[in-house]
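Descriptive structure summary
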Amino acid sequence: MNRVENKVALITGGARGMGSSHARLLIEEGAKVVIGDVLDTEGQLLADELGKAAHYVHLDVTNPDQWAAALAATIDTFGRIDILVNNAGIANGAPIADFPLELWQKTLNINLTGTFLGMKTVAPVLARQGSGSIINVSSVEGLRGSIGLHAYVASKFAVRGITKSVALELGHVGVRVNSIHPGLITTPMTVGISSDHLQIPLGRAADPIEVSRLVLFLASDESSYSTGAEFVIDGGLTAGVPSNPTPTKES
């Protein structure tokens, strides 16, 4: 318990799904959390439910002014910031010949530019205080291809890359930057996707709390020597090509 006591986190896409799970667990472990999202009703309801340790702000991650306002609200409400979780993201698919340019741009704007703007806004504060953890939510699609998910794959590979460049830049001032790479997680975004179809070695999708425990580790001082790294949480999905076990002959 209290693994992130007295720390303050800002979580994007925090109103539901993985983001809300991250918020709940960090608060359970002693943190104060600012929930950023464009889902104002859901975000405010969650903040009200979580009590005085939570605060909601409207945050369109593609808007630099809203990032500045979210950071100011975090510091005004809780006095500091220690953790940034760039969790907001969308996924949409189409064959490459039919992939709409506006959908490509929207996906990259939210998934990649949103992550860039978050780090650009928060990094100077963390650098001045000489500590902090930035956790960028990439995906297994930041490690491999996936038919039709061209913009999503491109954005998540890019999140993986920018994580490393910023980690190199901020390491000497005590700020750590890591990416996490979830596989199939049970959230509103993955409704209708079958774990059987994906042939996950562990045979199931993950519950969001399983990802939140990884976020907690990276947010805490327990991960003090981890930066610029990729943390995969996918039930074995990227371990290799699955096949049916070969029966062994009894002697």
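Our subject is the structure that appears above.
An account of the accompanying structure is given in this report. What you see is a predicted model; the values in this text were computed from it and never measured.

The subject of this paragraph is the pattern of salt bridges. The tally for this structure, following the rule as stated, stands at 8 salt bridges. The partner of D221 in a salt bridge is K7, and the shortest N-O contact between them spans 3.3 Å. Residue D221 is located in the loop between α7 (208–219) and β7 (230–233), and its partner K7 is located in the segment before β1 (8–12); the two are separated by 214 residues in the primary sequence. Where R80 meets D82, a salt bridge forms, and the shortest distance between an N and an O atom there is 2.7 Å. Given a relative accessible area of 6%, D82 falls into the buried group. Here the salt bridges do not stand alone but share partners, grouping R160, K164 and E230 into one network.

To continue, consider the environment of L168. In this structure, L168 sits in helix α5 (residues 150–170). For the pair formed by L168 and G228, sequence separation is 60 residues and the distance between their alpha carbons is 7.1 Å.

With that out of the way, let us pick up the nonpolar core. Counting 32 residues, the largest nonpolar core has L26, V33, I35, L50, V85, I135 and I180 as the members making the most contacts within it. Broken down by element, the residue count for this core peaks at 6 residues, all from α7. In this structure V85 touches L10, I11, T12, H22, I135, V137 and V215, once residues within four positions along its chain are discounted.

With that settled, the discussion passes to the sheet that holds strand β2 (residues 32–37). With parallel pairing, 7 strands are arranged side by side in an open sheet as β3-β2-β1-β4-β5-β6-β7. Each edge of the sheet is formed by a strand with only one pairing partner; in this case those strands are β3 (54–58) and β7. In this sheet, adjacent strand axes meet at a mean angle of 20° when their direction is disregarded. In the packing of helix α3 (residues 64–78) onto the sheet, the strands contacted are β1, β2, β3 and β4 (83–86), and the crossing angle to β3 comes to about 160°.

On the secondary structure map, S21 appears in helix α1 (residues 17–28). Look at S21 and you get buried, because its relative accessible area is 11%. Linking S21 and V211, residues 190 residues apart in sequence, is a C-alpha distance of 8.5 Å. Each residue touching S21, except ones within four places of it in the same chain, is listed here: P208, I209 and S212.

This paragraph deals with α1. Between its first and last C-alpha atoms α1 spans 17 Å; for 12 residues at 1.5 Å apiece the expected length is 16 Å, and the two agree. Of all 12 residues in α1, 10 are buried, a share of seventy percent or more. Trailing α1 by a residue or two, G30 shows a phi angle of about 105°, which is positive.

All right, on to the packing of aromatic side chains then. Describing an aromatic ring pair means giving the distance of the ring centres and the angle of the ring planes. This model, assessed by the stated rule, comprises 2 aromatic pairs. Judged by centre distance (6.5 Å) and plane angle (85°), the rings of F99 and W104 are edge-to-face. Judged by its relative accessible area of 12%, F99 falls in the buried class. Since its relative accessible area comes to 31%, W104 is described here as partly exposed. Here the aromatic rings of F217 and F231 are separated by 6.4 Å at their centres, their planes lie at 65°, and the arrangement is edge-to-face. Of this pair, F217 sits in helix α7 while F231 sits in strand β7, and the two are 14 residues apart along the sequence. Under the relative-accessibility criterion, F217 is labelled partly exposed at 26%.

The rules we used
- Residues numbered from 1 in each chain as written.
- Predicted model: local features only at pLDDT ≥ 70, side-chain atom pairs only at ≥ 80, totals over all residues.
- Heavy atoms only, no water.
- Salt bridge = Lys/Arg side-chain N within 4 Å of Asp/Glu carboxyl O.
- Helix = DSSP H or I, 4+ residues; strand = E, 2+ residues; numbered from the N terminus.
- Buried < 20%, exposed > 50% of the residue type's maximum accessible area, 1.4 Å probe, protein only.
- Core = buried A, V, L, I, M, F, W, Y, C linked by side-chain atoms within 4.5 Å.
- Contact = heavy atoms within 4.5 Å.
- Pairing = 2+ DSSP bridges.
- Axes fitted to C-alpha atoms, helices over the stretch in contact; angles between N-to-C directions.
- Expected span 1.5 Å × (residues − 1).
- Phe/Tyr/Trp six-rings, centres within 6.5 Å; stacked < 30°, edge-to-face > 60°.

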